[in-house]
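Commentary on secondary and tertiary structure
Letter by letter, the chains look like this.
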Amino acid sequence: MGLWNGTPRLDGLRVLLVEGAPPVRQVVGEVLAEYGAHVTAVDSAVAGLAILKREKPDALLSSLSMRDKDGYWLIREVRKLPPDQGGDIPAAAFTGLTTAEDRLATLQAGFQYHVPKPADLRLLVEVVALLALKKSEAGEHRATMAVSLGG
């Protein structure tokens, strides 16, 4: 059992974490790994897009505010890709931008979930588990219901 009873395991799930703040990237990466995820953590949207194309992870967790290109740029570029190159990857925005307008913009840009910072680490694990469920449904043509968490 993990740190918190009832929190799902992420065994074998490949997660791409895109976060510009080193301490946040480290803590979130460690928590996801403790629950069994194989985490690739990068500090920029450009690096994240390159890794996504190369490694085809199961889920994307991205900050919105980063130097150079932001998380909005990343998800728009990802959604332009064909499914076999990762364009349909389930994705969550992990961000300090928490107004109703921010949440709506996040979902409209192509993320399925909006997780406000600072986030409950259990919530992040649960969101990644939900993303994995979306990935397992990806073989079928599915309509993705956009959900906003928090706020």
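Just above sits the structure.
Values in this document were obtained by computation on a predicted structure and should not be read as measured data.

Some words on the packing of aromatic side chains
- Applying the stated criterion across every chain, the model contains 0 aromatic pairs.
- Sitting over the face of the ring of Phe94, Lys117 holds its NZ or CZ atom 4.9 Å from the ring centroid.

Notes on the pairing of strand S4 (residues 91-95)
- With 5 of its 5 residues buried, S4 lies for the most part within the structure.
- Burial along S4 is two-sided: Ala91, Ala93 and Thr95 facing one way and Ala92 and Phe94 facing the other are all buried.
- Note that strand S3 (residues 59-62) and S4 share 3 bridges and pair parallel. Bridging from a neighbouring strand, Ser62 pairs with Ala93 of S4.
- Regarding the hand of the β-α-β motif, the stretch spanning S3, helix H3 (residues 71-80) and S4 is right-handed.
- Bridge count for S4 against strand S5 (residues 113-116) is 4 bridges, and the pairing is parallel. Opposite Phe94, over in S5, you have Val115 as the bridge partner.

Quick notes on the sheet that holds S3
- The 5 strands are arranged S2-S1-S3-S4-S5 in an open sheet whose pairing can be described as parallel. Of all strands in the sheet, those bounded by a partner on one side alone are strand S2 (38-42) and S5. The mean angle between the axes of side-by-side strands here comes to 20°, regardless of whether they run parallel or antiparallel.
- On top of the sheet, helix H1 (residues 22-34) reaches strand S1 (14-18), S2, S3 and S4; it is set at about 170° to S2, its chief contact.
- Packed on one face of the sheet, helix H2 (residues 45-55) meets S1 and S2 and runs near 165° to S1.

Quick look at the environment of Phe111
- Looking at where Phe111 falls in the secondary structure, it is placed in the loop between helix H4 (100-109) and S5.
- Residue class for Phe111 comes out buried when judged on its relative accessible area of 2%.
- Taking C-alpha positions, Phe111 is 7.0 Å from Ile75, a pair spaced 36 residues apart along the chain.
- Leaving out residues up to four positions away in the same chain, Phe111 has contacts with Ser62, Leu64, Gly71, Ile75, Ala91, Ala92, Ala93 and Thr106.

What to know about the nonpolar core
- Among the nonpolar cores identified, the biggest contains 21 residues, and Leu10, Val28, Leu32, Leu61 and Val128 are the most heavily contacted of them.
- Contributions of two or more residues to this core are made by S1, H1, S3, S4, S5 and helix H5 (121-136).
- No other element matches the 6 residues that H5 contributes to this core.
- If sequence neighbours within four positions are ignored, Leu10 has contacts with Leu32, Tyr35, Gly36, Ala37, Val125, Val128 and Ala129.
- One finds Val18, Val42, Met66 and Leu81 within the second-largest nonpolar core, a separate group that totals 20 residues.

Looking at H3
- Listed in full, the buried residues belonging to H3 are Gly71, Tyr72, Leu74, Ile75 and Val78. Seen along its axis, H3 keeps its buried residues to an arc of 160°; they face one direction.
- Buried positions along H3 lie against S1, H2, S3, S4 and H4.
- For H3, the N-terminal cap is Asp70; the gap from its side-chain oxygen to the backbone nitrogen of Tyr72 is 3.1 Å.

Calculation rules
- Residues numbered from 1 in each chain as written.
- Predicted model: local features only at pLDDT ≥ 70, side-chain atom pairs only at ≥ 80, totals over all residues.
- Heavy atoms only, no water.
- Phe/Tyr/Trp six-rings, centres within 6.5 Å; stacked < 30°, edge-to-face > 60°.
- Lys NZ or Arg CZ within 6 Å of the ring centre and 35° of its normal.
- Buried < 20%, exposed > 50% of the residue type's maximum accessible area, 1.4 Å probe, protein only.
- Helix = DSSP H or I, 4+ residues; strand = E, 2+ residues; numbered from the N terminus.
- Pairing = 2+ DSSP bridges.
- Right-handed = clockwise from strand over helix to strand, strands pointing away.
- Axes fitted to C-alpha atoms, helices over the stretch in contact; angles between N-to-C directions.
- Contact = heavy atoms within 4.5 Å.
- Core = buried A, V, L, I, M, F, W, Y, C linked by side-chain atoms within 4.5 Å.
- Arc of directions from axis to C-beta.
- Polar contact = N/O pair within 3.5 Å; in protein donor to acceptor, adjacent residues only side chain to side chain.

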